[in-house]
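Here is what each chain is made of, one letter per residue.
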2 protein chains.
Amino acid sequence: MEEKELIQKLYYKYHNALINDVIPFWQKHSLDTEYGGYLTCLDFDGTVFDTDKFAWMQGRQIFMFSKLCSLYGVNEAWQQAAKLGLDFMLSYGKAASGDFYFALNRSGTPLVQPYNIFSDCFMCIALAAYSRIADSKLERDYYRQEVLRIYQRIQERTANPKGIWNKQVPDSRNLQAMSMPMIQAMMAIELEGIIDDALIENRIDESIDVFMNRHVDKKLKCVFERVCADGSHQFDIMEGRLLNPGHALETLWFLMLIAEKRQDKALIEELAEIMLWSIERGWDTTYGGIFYYRDYHNRPLDKFESDMKLWWVHAEALCALLLAWKLTGSKKHKEWFLKVDQWTWQHFPDSQHGEWYGYLSRQGEVASSLKGGKWKGFFHLPRMLYSCSAWLKEMGELV
Amino acid sequence: MEEKELIQKLYYKYHNALINDVIPFWQKHSLDTEYGGYLTCLDFDGTVFDTDKFAWMQGRQIFMFSKLCSLYGVNEAWQQAAKLGLDFMLSYGKAASGDFYFALNRSGTPLVQPYNIFSDCFMCIALAAYSRIADSKLERDYYRQEVLRIYQRIQERTANPKGIWNKQVPDSRNLQAMSMPMIQAMMAIELEGIIDDALIENRIDESIDVFMNRHVDKKLKCVFERVCADGSHQFDIMEGRLLNPGHALETLWFLMLIAEKRQDKALIEELAEIMLWSIERGWDTTYGGIFYYRDYHNRPLDKFESDMKLWWVHAEALCALLLAWKLTGSKKHKEWFLKVDQWTWQHFPDSQHGEWYGYLSRQGEVASSLKGGKWKGFFHLPRMLYSCSAWLKEMGELV
């Protein structure tokens, strides 16, 4: 197939899935018009199987409906859907500390304490995205103030994100998780123009430094999920050897977007190279697809999901590989993108009831019938679809 | 096969596996003669893949080596192995509160706070078992005092076992877990003669009441893992529909042992009936073996391990079904025991390197090469082997 034709076909596949499959599924099944907010635990056919409301899922869905309005023009249904979640979370989601509870019941009674900083990170990008599409200046200003407050609190909490609920004995093990630099990069991208530029640039510099000089080991050609503060490894424990290829690829494309904006060609090339290490380590040469976890020494993993194939891992890999192909023109990245694209679209989508399954066995069989749950919501899949569509559109010079 | 011959063959299989396979594997690979305590993260060939020390695993292994001395006569190597863990845990394992840390590093530095009451429950039965085989009266008295102290603390903590690390908003959801009545029954069995009889009998009455009148739903013929305080269900959330057949069967045989001792024939018959509900709900009619989790409404489960086949589930099922067969003579329980026995021995043991794999896929393939980890230690398998051996010996009137 000629490259232009290939890109065109890909574009229509990604765009069509977003507009005609994924968005309608969540609009139809997840809006809780009775109590507000979203019902995210959805079985294969959209049946609600749990009515609790999780801040991660609420925040991400507010963000997504708002973002779609920014990308494709304000659509009243999407805007109202965003507002449905926003009003619910602002009414019931905040604890006295101003931090967001991890979970509420259907009507908004708090269930789980605000121990998880990512609840606040997702609510922060949710409010930022909504502030860009709010009808009145009053609303826009109000939501932006709230973004600033939440962002400030997040930065204050980064040294001990779990606060009083932290079960780790202080200073007993100095392993640093990749999730903080990753989420800082994501917030930097989504908060542009809302948070002070200089502050954002500082955070970005920190994230790049922590990721590139600690989590990426250039000698071993490997990205580690948890490293010591000086970038060294603790190889005698499982945690120190843990590889999470999907997480690495997600962080890599966030940083590549930033590098693109900074016109840092050297960094783009470096990130593209690291993507290859990650996808090569993560790819299952027997059954295809990308493993959730690997152990650097191929020792046993203590996580049941290690060998499973998850929707978000594949979504993030597609974003990473396509962006690298687009920005570097690399044939290797193109080939990897097409390989992951093929496996992903063959195994995850449900052509009968719509949307994608989230959890496949190593062999690629559906391991859980859910389309949404406590951890799968309206986020990774549509983000991948709108990102890839946009990049493919540019690559194919499509109108 | 004639029944007597069948029982004899079974007895030798169970007894031989305990004495010639499982015990030597842990003696050979897990004793940390350098730092004390046990290394429990063991790969298929016994290679240590993580050096952290988890209180559950340490306590259970101290208990097991001590118990073996009580059952088979004090063997110096077993006694020393028990002492190795005991000294380590008494030196390093206790926080200022007197509760046991959840995890320590190899040399005993505490890593994870004492948030988990089961650490204390396992240390409590560990000390009790060791106090029965200690050489001197001084030691015996000392360890018994410690048992009393820990037991007292456990009872004080039952209303909020996680203490300050509890992330649940107080009184927000009144679901009660089956683990507390289960562990109380286990402690009652193992602490007999050490804790005051009247106190133990009270705890047993409570456990039987909570289990039989709340977790067991006689109308629905089902054992629920989490129920409301009045025994009603919360079916709109996953937690309220959760079934854990292995856990139910474990609790059922603990209570059946107690009913045997109390000569309560009606309770024995009732428990035997409930065992059938549990094994029938848990059995995988497609691939064989017992599922980890089920959903009462067959909705999706949010736990990756739900469809997997785990060693401990099968070990507890074997104990339950054999004890019921022994005490009631029921043909149905005999048939179920033989069916579970066959699947278990075909899939879990590793004839090349010894011991059993712990985690199989739904299809019965080895999903993790580990023989020991953060959650699999020297406990469920040997307990099942010594329990079943003893019962088979009695059933076969073997000498």
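Every chain begins its residue count from 1, and numbering advances along the sequence as written. Think of it this way: whatever chain is written first is A, whatever ligand is written first is 1, and the rest follow in order. Reporting in this predicted model follows two pLDDT cut-offs: at least 70 for local features of residues, and 80 or more for side-chain atom pairs to be given and counted; totals over whole chains, interfaces and linings ignore these cut-offs and use all residues. Side-chain metrics in this entry use all non-hydrogen atoms of the structure; hydrogen atoms and water are not considered.

**Student:** Requested: an account of helix α2 (residues 55-72) of chain B, with residues and values cited.
**Tutor:** All names here are of chain B. Helix numbering and strand numbering both begin at the N terminus, where a helix is a DSSP run of H or I of at least 4 residues and a strand a DSSP run of E of at least 2. Any helix carries an expected span of 1.5 Å times its number of residues minus one. Given a rise of 1.5 Å per residue, 18 residues ought to cover 26 Å, and the 26 Å separating the end C-alpha atoms of α2 matches this to within 8%. Throughout this description, buried means an accessible area under 20% of the type-specific maximum (1.4 Å probe, protein chains only), exposed means over 50%, and partly exposed covers the range between. Along α2, 15 of the 18 residues are buried, which leaves the element largely enclosed by surrounding structure. Positive backbone phi, approximately 95°, marks G73, located one or two places after α2.

**Student:** With reference to specific residues and values, describe the environment of K4 of chain A.
**Tutor:** All names here are of chain A. If you trace the backbone, K4 turns up in helix α1 (residues 3-29). In this structure, the C-alpha to C-alpha distance between K4 and T40, residues 36 residues apart in sequence, is 38 Å. Throughout, a residue-residue contact means that at least one pair of heavy atoms, one from each residue, lies within 4.5 Å. In contact with K4, other than residues within four places in its own chain, are G396 and E397.

**Student:** Quick rundown of the interface of chain A and chain B? Include the residues and the values.
**Tutor:** Contact residues are listed per partner, giving 46 residues for chain A and 46 residues for chain B. Of the roughly 3700 Å² buried between chain A and chain B, counting both surfaces, carbon and sulfur atoms make up 53%. In terms of surface lost to chain B, no three residues of chain A exceed F49, K167 and F304 of chain A, which account for 19% of the buried area on that side. The rule for a salt bridge is simple: a side-chain nitrogen of Lys or Arg has to be within 4 Å of a carboxyl oxygen of Asp or Glu. The interface formed by chain A and chain B includes four salt bridges. Once two parts are put together, the accessible area they lose, assessed with a 1.4 Å probe and summed over both, is termed the buried area.

**Student:** Lay out the confidence of the model for chain A in plain terms, naming residues and giving numbers.
**Tutor:** pLDDT: the predictor's confidence for each residue, scored from 0 to 100. On average, residues of chain A score 97 in pLDDT, and 100% of them reach the 70 mark or higher. As a predicted assembly, this complex carries a pTM of 0.96 together with an ipTM value of 0.94.

**Student:** Please give an account of the relation of the copies chain A and chain B that cites residues and values.
**Tutor:** Here the copies are matched by least squares. The fit uses the C-alpha atoms of residues with pLDDT of at least 70 in both. Laying chain A over chain B is done by rotating through 180° and shifting 0.0 Å along the axis; what remains is an RMSD of 0.0 Å. Both chain copies can therefore be described as sitting about a two-fold axis. Nearest to the rotation axis, the C-alpha of W165 of chain A is located 2.5 Å from it, this being the minimum over chain A. Taken together, the interface assignments show that 100% of the residues at the interface of chain A recur at the interface of chain B, consistent with an identical surface on both copies.

**Student:** So what about the pattern of salt bridges? Which residues, and what values?
**Tutor:** All names here are of chain A. Following the criterion strictly, the structure yields 66 salt bridges over all chains and no others. The salt bridge involving D99 is made with R153; its shortest N-O contact spans 2.6 Å. Remark: R153 occurs in helix α5 (residues 137-157) and D99 occurs in the loop between α3 (76-92) and β4 (103-104); sequence separation between them is 54 residues. Of the residues examined, D99 reaches a relative accessible area of 5% and is grouped as buried. Here E394 ties to K326 by a salt bridge, and the two come within 3.1 Å at their closest N and O atoms.

**Student:** Outline the sheet that holds strand β5 (residues 110-112) of chain A, supporting the account with residue identities and numerical values.
**Tutor:** Residue and element names in this part refer to chain A. For two strands to count as paired, DSSP must find a minimum of two bridges between them. As summarised here, the arrangement of the three strands in space is β3-β4-β5, forming an open sheet in which the pairing is antiparallel. Two strands close off the open sheet at either side, each with one partner strand: β3 (53-54) and β5. The pairing of β4 with β5 spans two bridges and is classified as antiparallel. Of the residues in β5, the one forming a bridge with A103 is V112.

**Student:** Kindly report on unusual backbone geometry, identifying the contributing residues and their values.
**Tutor:** Residue and element names in this part refer to chain A. The residue K221 is not glycine, and still its phi comes out positive at about 50°. By secondary structure assignment, the location of K221 is in the loop between β7 (216-217) and β8 (222-223). Residue N298 is not a glycine yet carries a positive backbone phi of 55°. Within the secondary structure, N298 is located in the loop between β11 (294-295) and β12 (309-310).

**Student:** Explain the side chain of E305 of chain A to me, using residue names and the numbers behind them.
**Tutor:** You can see E305 of chain A is positioned in the loop between β11 and β12. Positive residues here are Lys and Arg, negative ones are Asp and Glu, while His and the chain termini are left out of the count. Despite being buried, E305 of chain A has no salt bridge partner; K303 of chain A is the closest side chain of opposite charge, sitting 6.0 Å away. Contact partners of E305 of chain A, with chain neighbours within four places excluded, come to Y292 and Y293 of chain A together with F304 of chain B.

**Student:** Can you explain the packing of α2 of chain B against helix α4 (residues 117-131) of chain B? Please cite residues and give values.
**Tutor:** All names here are of chain B. Note on method: axes are straight lines fitted to C-alpha atoms, helices fitted across the in-contact stretch only, with angles between N-to-C directions ranging 0 to 180 degrees. Put simply, α2 and α4 touch, their axes get as near as 8 Å, and they point 20° apart. As summarised for this structure, α2 and α4 are arranged roughly parallel, according to the angle between their axes. Viewed along their axes, α2 and α4 form a crossing whose handedness is left-handed. Of the residues in α4, those touching α2 at A55, W56, G59, R60, I62, F63, S66 and K67 are F118, S119, F122, M123, I125, A126, A129 and Y130. Here the nonpolar group is Ala, Val, Leu, Ile, Met, Phe, Trp, Tyr, Cys and Pro; Asp, Glu, Lys and Arg are the charged ones; every other residue, Gly included, is treated as polar. Of the residues contributing to the contact of α2 with α4, the split by class is 11 nonpolar, three polar and two charged. An angle counts as roughly parallel when it lies under 35 degrees, as roughly antiparallel when it exceeds 145, as roughly perpendicular when it falls between 65 and 115, and as oblique in every other case. Handedness of a crossing is defined here by the sense of rotation of the near helix relative to the far one, left-handed for an anticlockwise turn of less than a right angle and right-handed for a clockwise turn.

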